[in-house]
Number of protein chains: 2
Amino acid sequence: MDDMADTVSEALPRDFEALRALILDRREGLPKRIAQVAAYALDNPDEIAFGTAASIANSAGVQPSTLIRFAQHLGYDGFTSLQQVFRERLRERTTSYEERLTVVRGEADDGTSNRRIVDGFLAAASKSIDVMSRNLDDETLDRAIDLLNGAETIYILARRRSYPVASYIAYALGKLGVRSQLIESASGLSPEIISFANSRDAVIAISFSPYASATVEEARILSANNVPVIAITDSAFSPLAQFAKVWFEVAEADFGGFRSLAATMALAMGLTVGVAELRRGRKGKKSANSKG
Amino acid sequence: MDDMADTVSEALPRDFEALRALILDRREGLPKRIAQVAAYALDNPDEIAFGTAASIANSAGVQPSTLIRFAQHLGYDGFTSLQQVFRERLRERTTSYEERLTVVRGEADDGTSNRRIVDGFLAAASKSIDVMSRNLDDETLDRAIDLLNGAETIYILARRRSYPVASYIAYALGKLGVRSQLIESASGLSPEIISFANSRDAVIAISFSPYASATVEEARILSANNVPVIAITDSAFSPLAQFAKVWFEVAEADFGGFRSLAATMALAMGLTVGVAELRRGRKGKKSANSKG
DNA sequence: GCGAAAATGGAACATACGGTTCATTTTATT
DNA sequence: AATAAAATGAACCGTATGTTCCATTTTCGC
């Protein structure tokens, strides 16, 4: 009788991620139309959450009854209970920061103003991250990491507002066993340090408008010495973008005149760990450089 | 007849923020029950998006028909069209990073792995920010800023992973005209610098597990010398939490063993700008210290 | 305090919804 | 190729939904 393990006995996914995993797990053994619905559901979760069985079925190119069968195949007792999972997913998303900020801004300027300031910075960070995740180009990233992978020493160049990023990169590279050199003004030795760099090295230069003159000047010198420059900056008009081999455009949101560093930090960590990953074990062979 | 400007002529809000503004604008002139619904709608937008007219009416303590009247008062032709706006709001929220990351992780380990790493850090940053915005205590924040406001010099204490945050605080305080002193190891002068601090100053100490011994030790000394310590750390068991006047618990998500700094950075900026705001013009009088 | 107008509660209604059923087609097995 | 089993399409049904209607209450102007 119970030839198959009764699916009911397994705990039914109540949250979307578990459901997603379940669907992907069973994808192979699913009938054609059911699989069609499964694919549609994962691609258009919002539609499932809000649509009616009829409208969804229409969009997915199946009969409404197939939706019910799909739900039942997974162990739910009907389309409605499956839909709950898709709705819960939207419910559980934390309120977006832009929205939260708008709300906060509308309130009176009372004792909670400190909280408003922090919320502002959280919102700026969140927005910066959003933008980066949409705009970051995979190929640029691959090329940058490829360059860094080939470098004997990675020089890190940043001042003022960008300096925290540089110091974090230096710290992380150190922990990951990648040779690096942080160029800072305090020691007064930057000219000497820079003169050691050659074409087998690489530079990560970070600067945003108004560009620190020392960063720009030193990057220019390094570039003239054939040291490949990877720039993290804010626009195509940045002086850094002009002589960089690879450059990233990072749009950081600001609050109260102070720009976030969140996206830059994440990118910096990505570059750092990306290089380390490449060097650990699969050196070179996984080069993403499409031209070879 | 058309004694009132016919509401239909105004463009009906299609997005939530506009609707929100419209409701707040008309709040005054709304009948009691309608106003009750309006308040409920702004407080529980998710309920409006997902619930049925009956369930919402029940939760809001009104009759279902009142919901339709509410919608019609605003110019919509029924509850359903109003509900669309609340649903659109959920639809338009950007996909959460946790979800995006899970998706990315499920894919094959092909050439996009660099992107996956950056996405990982973006996700970690985003999550950290979410958590902070939920957990940050307003009163703790107010007390910390109050303490900093009273300080002659603000000392900043952090090493290793936390050092970038410290350097950013120092940079920002400098730009805002607040006297501060960054304590770092490079100069070898930390003991001397620390000995200058007294009870009229304050310290921001930042350290996460595994706590840098220098940070802990120096914070201990400063605390013993009656310099108020504001700590940013990761748990109540942190050595910093023990002798801090005020301390923040910041839970940073990590990716690949590297923890994010996003939430700590935002908090740091909040403290920094919070102090500057307080000092600019409304010095002292706006103290949020509830006890006075 | 009276009368008109607006607001409210609650029942009644038409409909659109999810679910079921069954005939037909497709797939798998022998 | 024949048969059984599974999958699919499409019509059908009961129900729960949004909406409307009307009696009652409340509010406001005079």
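Residues numbered from 1 in each chain as written. Chains lettered and ligands numbered in written order. Predicted model: local features only at pLDDT ≥ 70, side-chain atom pairs only at ≥ 80, totals over all residues. Heavy atoms only, no water.

Novice: How do you make sense of the sheet that holds strand S3 (residues 202-206) of chain B when you look at a structure like this?
Specialist: Paired through backbone hydrogen bonds, the strands of a sheet run either parallel or antiparallel to each other. All names here are of chain B. Within the open sheet, the five strands sit side by side as S2-S1-S3-S4-S5. Their pairing is parallel. Each of the sheet's edge strands pairs with one partner strand only, and the pair in question is strand S2 (180-183) and strand S5 (246-249). This sheet shows a mean twist of 15° between the axes of neighbouring strands, independent of strand direction. Inspection of the sheet shows strand S4 (residues 229-233) paired to S5 by four bridges, in the parallel sense. (Pairing = 2+ DSSP bridges. Helix = DSSP H or I, 4+ residues; strand = E, 2+ residues; numbered from the N terminus. Axes fitted to C-alpha atoms, helices over the stretch in contact; angles between N-to-C directions.)

Novice: Which parts of the structure should I look at to understand the protein's contact with DNA strand D?
Specialist: For DNA strand D, the set of nearby residues contains 17 residues, the closest of which are Arg-33, Gln-63 and Arg-69 of chain A together with Ala-53 and Phe-79 of chain B. In DNA strand D, atoms within 4 Å of the protein come 67% from sugar and phosphate. Ser-65 of chain A has a polar side-chain atom sitting 3.3 Å from a base nitrogen of DNA strand D. In this structure, Phe-79 of chain B approaches DNA strand D through a main-chain N or O atom, which is 2.8 Å from a phosphate oxygen. In terms of residues, the surface near DNA strand D owes the most to one element, helix H5 (residues 64-74) of chain B, which gives four residues. (Near = heavy atom within 4 Å. Polar contact = N/O pair within 3.5 Å; in protein donor to acceptor, adjacent residues only side chain to side chain.)

Novice: Please explain unusual backbone geometry as it appears in this structure.
Specialist: Among all residues except glycine, the phi angle is most often negative; among peptide bonds, the trans geometry is most common. Residue and element names in this part refer to chain A. The step from Ser-209 to Pro-210 runs through a cis peptide bond, and the omega angle for that step is -5°. Topologically, Pro-210 is positioned in the loop between strand S3 (202-206) and helix H12 (213-224). In the Ramachandran plot, Asn-226 falls in the positive-phi region, its phi being about 65° despite a non-glycine side chain. With respect to the helices, strands and loops of the structure, Asn-226 is situated in the loop between H12 and strand S4 (229-233). You can call Asn-226 exposed: its relative accessible area is 57%. (Buried < 20%, exposed > 50% of the residue type's maximum accessible area, 1.4 Å probe, protein only.)

Novice: Is there a simple way to explain the pairing of S4 of chain B in this structure?
Specialist: When a strand is regular, its side chains alternate between the sheet's two faces. All names here are of chain B. Of all five residues in S4, five are buried, a share of seventy percent or more. The alternating pattern of S4 places Val-229, Ala-231 and Thr-233 and Ile-230 and Ile-232 on opposite faces, both of which are buried. Note that the unit made of S3, helix H12 (residues 213-224) and S4 has a crossover that is right-handed. (Right-handed = clockwise from strand over helix to strand, strands pointing away.)

Novice: Can you walk me through the pairing of S4 of chain A in this structure?
Specialist: Inspection of the sheet shows S3 of chain A paired to S4 of chain A by four bridges, in the parallel sense. Bridge pairing links Ala-205 of chain A to Ala-231 of chain A in S4 of chain A.

Novice: Whenever I open this one, the protein's contact with DNA strand C confuses me. Can you help?
Specialist: If you check the shell around DNA strand C, you find 18 residues, and the closest are Ala-53 and Phe-79 of chain A together with Arg-33, Gln-63 and Arg-69 of chain B. Backbone sugar and phosphate groups make up 66% of those atoms of DNA strand C lying within 4 Å of the protein. At a separation of 2.2 Å, a phosphate oxygen of DNA strand C approaches a polar side-chain atom of Arg-33 of chain B. A distance of 3.2 Å is found between a base oxygen of DNA strand C and a side-chain nitrogen or oxygen belonging to Ser-65 of chain B. At the level of secondary structure, the elements contributing two or more residues to the surface near DNA strand C comprise helix H4 (53-60), helix H5 (64-73) and helix H6 (79-92) of chain A together with helix H2 (32-43) and H5 of chain B. The biggest single contributor to the surface near DNA strand C is H5 of chain A, with four residues.

Novice: Sorry if this is basic, but what is going on with the packing of aromatic side chains here?
Specialist: Within a pair of aromatic rings, the relevant descriptors are the distance that separates the centres and the angle that separates the planes. Across all of its chains, the model carries seven aromatic pairs over all chains by this definition. Look at Phe-121 of chain B and Phe-255 of chain B: their rings are 5.2 Å apart centre to centre, the planes differ by 75°, and that puts the pair in the edge-to-face class. Here Phe-121 of chain B is found in helix H8 (residues 113-135), whereas its partner Phe-255 of chain B is found in strand S6 (residues 254-255), with 134 residues between them in sequence. Of the two residues, Phe-121 of chain B and Phe-255 of chain B, both sit in the buried class. For Arg-89 of chain A, the ring lying beneath its charged end belongs to Phe-16 of chain A, and the centroid distance is 4.9 Å. When the ring centre of Phe-208 of chain A is taken as origin, the NZ or CZ atom of Arg-161 of chain A, which lies over that ring, is 4.7 Å away. (Phe/Tyr/Trp six-rings, centres within 6.5 Å; stacked < 30°, edge-to-face > 60°. Lys NZ or Arg CZ within 6 Å of the ring centre and 35° of its normal.)

Novice: So what exactly am I meant to see when it comes to the nonpolar core here?
Specialist: Across soluble globular proteins, you tend to see nonpolar side chains buried next to one another. Judged by nonpolar contacts, the single largest core of 104 residues is most densely connected at Phe-248 of chain A together with Phe-248 of chain B. Phe-248 of chain B has contacts with Leu-136, Thr-140, Leu-141, Ala-144, Ile-230, Ala-231, Ile-232, Thr-233, Leu-267 and Leu-271 of chain B, leaving out every residue within four places of it along the chain. With 56 residues, the next largest nonpolar core counts Ala-38 of chain A together with Ile-23, Leu-30 and Phe-70 of chain B among its residues. (Core = buried A, V, L, I, M, F, W, Y, C linked by side-chain atoms within 4.5 Å. Contact = heavy atoms within 4.5 Å.)

Novice: Can you walk me through helix H4 (residues 53-60) of chain B in this structure?
Specialist: Note on helix geometry: an α-helix contains 3.6 residues per turn, so any two residues three or four positions apart are oriented the same way. Residue and element names in this part refer to chain B. Those residues of H4 not exposed but buried are Ile-56, Ala-57 and Ala-60. The buried residues of H4 occupy an angular sector of 100° when the element is viewed end-on, so they sit on one face. At the exit of H4 stands Gly-61, carrying a positive phi of roughly 75°. (Arc of directions from axis to C-beta.)

Novice: What's the story with the pattern of salt bridges in this structure? I'm lost.
Specialist: One side chain can pair with another of opposite charge once the charged atoms of both are near each other. The tally for this structure, following the rule as stated, stands at 14 salt bridges over all chains. Notably, a salt bridge pairs Arg-115 of chain B with Asp-138 of chain A, separated by 2.8 Å at the nearest N-O pair. Note that Arg-115 of chain B is positioned in helix H8 and Asp-138 of chain A in helix H9 (residues 138-149), a pairing that runs across two chains. Look at Arg-115 of chain B and you get buried, because its relative accessible area is 14%. By relative accessible area, which is 29% here, Asp-138 of chain A ends up partly exposed. With a shortest N-O distance of 2.6 Å, Arg-159 of chain B and Glu-218 of chain B are connected by a salt bridge. Of this pair, Arg-159 of chain B sits in the loop between strand S1 (154-158) and helix H10 (163-175) while Glu-218 of chain B sits in helix H12, and the two are 59 residues apart along the sequence. (Salt bridge = Lys/Arg side-chain N within 4 Å of Asp/Glu carboxyl O.)

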